[in-house]
Amino acid sequence: MSTDVTAKSPAPAPPGGSGPAAGTGLLGLVLAGLRRNMRQYGMLIALGLIVVLFAIWTDGDLLLPRNVSNLVLQNSYILILAIGMMLVIIAGHIDLSVGSLTAFVGAFAAVLTVQHGVAWPVAMVLCLVVGAVAGSVQGYLIAYLGIPSFIVTLAGMLLFRGLTEILLKGQTLGPFPDGLQKLGNGFLPEAGPHTNYHNLTLLLGLVLIAAVVWQEFRDRRRQQEFSLDVLPVRLFLLKLTALVAAVLVLTLLLASYKGAPIVLIILGALVVGYGYIMRNAVFGRHIYAIGGNLPAAKLSGVKDKKVTFYVFLNMGVLAALAGMVVAARLNAASPKAGVNFELEAIASSFIGGASMSGGVGTVLGAIIGGLVLGVLNNGMNLLSVGTDWQQVIKGLALLVAVGFDVWNKRKSGS
């Protein structure tokens, strides 16, 4: 007696899963979304884990309102440099001169305001012009004369460091006028009725939350209009909730101390402006194009030399801004200011998702990378970790980030 047996094929696995149950439930959606967007969310999750770990290890000291405010002030100039450095790296170049240029602009501001009594608003404009000139000279040598950016900016690093020593005659020069000091140490003024929180900071936080929600829904709608893949509804709502919660917690922490630092407002404006340029403007698309595939970009009509020139000019302006911020925070210009700032900015960019080969990276990624380093520094200081071990840990963090980029490329290629 024989029995016919009909082989049944297993049910197909849902997209992003490894079995019938892998894609069911919120956890399955989260895991599938992370696998598809590992580069985008990997370091953001790492930043959250680092914050949680150091908050536990320091018994909550990391998240004290005063410490959060100091964390913003201490890392603001590195974050400003990281934005410009991200654009440079996306374009397929590197800039080693930003730390020395930062010190030189700080010294120039001190000479103008302290020695010659120039009004601080005029001094700020002149400092930005100096940064633009320095960046444009380097950009011209790189873009139009074809000298490698490593060589040009290495020479710039030595040149600006020497000029800083000459300008300050080897001495520290200060203090700065009160208006300029507020750039590095000031907070938004009090306004409205007396409460337990800083009212302007609360208002800004609510506006930012509304902007985040609007932007997320707008991006999702545009992706759907162009038939692009979007996150499942539950995962999208989870992401949106996490973003709103993060902004709300930061707002409440800052509002319960002295309010939002002025430099945070400047940094927020830079993130929004440069984020828009890199996502929506033609110039941003051209930066990605020349970094991702220069021959193809040229054949498409992209003026690569002009783009490279403006990328370095922009880096010079941001270095000048960072120079004024760090000088204002220290309330003095020092010949030793800006040491290793270029390495911190480069590390922030790579930790934040930039690729060694260019063409990859985001402005928000640079900020996340800078915050990872900033939280590591701050947390290890609170735990009294020696500077020697701090350097080891930060070096390992950079190595892991770049190794992840290489692994992610190989996995995508396979």
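Model, not experiment: these values are computed from the prediction. (Residues numbered from 1 in each chain as written. Predicted model: local features only at pLDDT ≥ 70, side-chain atom pairs only at ≥ 80, totals over all residues. Heavy atoms only, no water.)

(A) Geometry of the packing of aromatic side chains. Taken as a whole, this structure holds eight aromatic pairs when the rule is applied. Residues Phe54 and Trp57 carry aromatic rings whose centres are separated by 5.4 Å and whose planes lie at 80 degrees to one another, so their mutual orientation is edge-to-face. Of this pair, Phe54 and Trp57 both sit in helix 2 (residues 38-57), three residues apart, which is roughly one turn of that helix. On the basis of an interplanar angle of 20 degrees and a centroid distance of 5.2 Å, the ring pair of Tyr77 and Phe341 is categorised as stacked. Taken together, the positions of Tyr77 in helix 3 (residues 65-90) and Phe341 in helix 14 (residues 341-351) put the pair 264 residues apart, joining distant regions of the chain. Residue classification places Phe341 among the buried residues on the basis of a relative accessible area of 12%. Ring pairs connect the aromatic residues Tyr140, Tyr144, Phe309 and Tyr310, which therefore count as one cluster. When the ring centre of Phe236 is taken as origin, the NZ or CZ atom of Arg220, which lies over that ring, is 4.7 Å away. (Phe/Tyr/Trp six-rings, centres within 6.5 Å; stacked < 30°, edge-to-face > 60°. Helix = DSSP H or I, 4+ residues; strand = E, 2+ residues; numbered from the N terminus. Buried < 20%, exposed > 50% of the residue type's maximum accessible area, 1.4 Å probe, protein only. Lys NZ or Arg CZ within 6 Å of the ring centre and 35° of its normal.)

(B) Structural view of the environment of Val302. Looking at the element boundaries, Val302 is found in the loop between helix 12 (294-299) and helix 13 (304-330). If near-sequence neighbours (up to four positions away) are discounted, Val302 is found in contact with His286, Ile290, Ala297 and Val307. (Contact = heavy atoms within 4.5 Å.)

(C) Up close: the environment of Tyr310. Relative to the elements of secondary structure, Tyr310 occurs in helix 13. Classification of Tyr310 as partly exposed rests on a relative accessible area of 39%. With 175 residues separating them along the chain, Tyr310 and Gly135 place their C-alpha atoms 8.4 Å apart.

(D) How the structure looks around the pattern of salt bridges. The tally for this structure, following the rule as stated, stands at three salt bridges. As a salt-bridge pair, Glu216 and Lys239 come within 3.3 Å of each other at their nearest N and O atoms. Linking Glu216 in helix 8 (residues 199-225) with Lys239 in helix 9 (residues 233-255), this pair joins segments that are 23 residues apart in sequence. (Salt bridge = Lys/Arg side-chain N within 4 Å of Asp/Glu carboxyl O.)

(E) How the structure looks around the packing of helix 3 against helix 10 (residues 262-280). For the pair helix 3 and helix 10, the least separation of the axes is 10 Å and the interaxial angle reads 15 degrees. As summarised for this structure, helix 3 and helix 10 are arranged roughly parallel, according to the angle between their axes. The interaxial crossing formed by helix 3 with helix 10 has left-handed handedness. Facing Val72, Leu73, Ser76, Leu79, Ile80, Ile83, Leu87 and Ile90 of helix 3, the residues of helix 10 in contact are Val263, Leu264, Leu267, Leu270, Val271, Tyr274 and Met278. The class makeup of the residues in the contact of helix 3 with helix 10 is 14 nonpolar, one polar and no charged. (Axes fitted to C-alpha atoms, helices over the stretch in contact; angles between N-to-C directions. Parallel < 35°, antiparallel > 145°, perpendicular 65-115°, else oblique. Left-handed = near helix turned anticlockwise from the far one by under 90°. Nonpolar A, V, L, I, M, F, W, Y, C, P; charged D, E, K, R; others polar.)

(F) Just unusual backbone geometry, in detail. In this structure, the amide linkage connecting Gly174 to the following residue, Pro175, adopts the cis form with an omega of -5 degrees. Phi is positive for Asn331, which is not a glycine, with a value near 60 degrees. The exposure class of Asn331 is partly exposed, given its relative accessible area of 24%. A positive phi is found at Asn340, a non-glycine position, where the angle reads about 70 degrees. Within the element layout of this structure, Asn340 appears in the loop between helix 13 and helix 14.

(G) Spotlight on helix 14. The buried fraction of helix 14 is high, at 10 of 11 residues. For helix 14, the full list of buried residues reads Phe341, Glu342, Glu344, Ala345, Ile346, Ala347, Ser348, Ser349, Phe350 and Ile351.

(H) Fine view of a nonpolar patch on the surface. Taken together, the side chains of Tyr140, Tyr144, Leu145, Ile147, Phe150 and Ile151 define a hydrophobic patch exposed on the protein surface, amounting to about 580 Å² of accessible area. Mapped onto the secondary structure, Tyr144 falls in the loop between helix 5 (120-143) and helix 6 (149-168). Overall, Tyr144 belongs to the partly exposed group, its relative accessible area being 39%. (Patch = residues over 30% accessible without salt bridge, like charges linked within 9 Å, V, L, I, M, F, W, Y side chains within 5 Å. Areas by Shrake-Rupley, 256 points an atom, 1.4 Å probe, with all protein chains shown as cover.)

(I) Layout of the side chain of Asn377. With respect to the helices and strands, Asn377 occurs in helix 15 (residues 363-382). In contact with Asn377, not counting residues within four places along its chain, are Glu344, Gln390 and Lys394.

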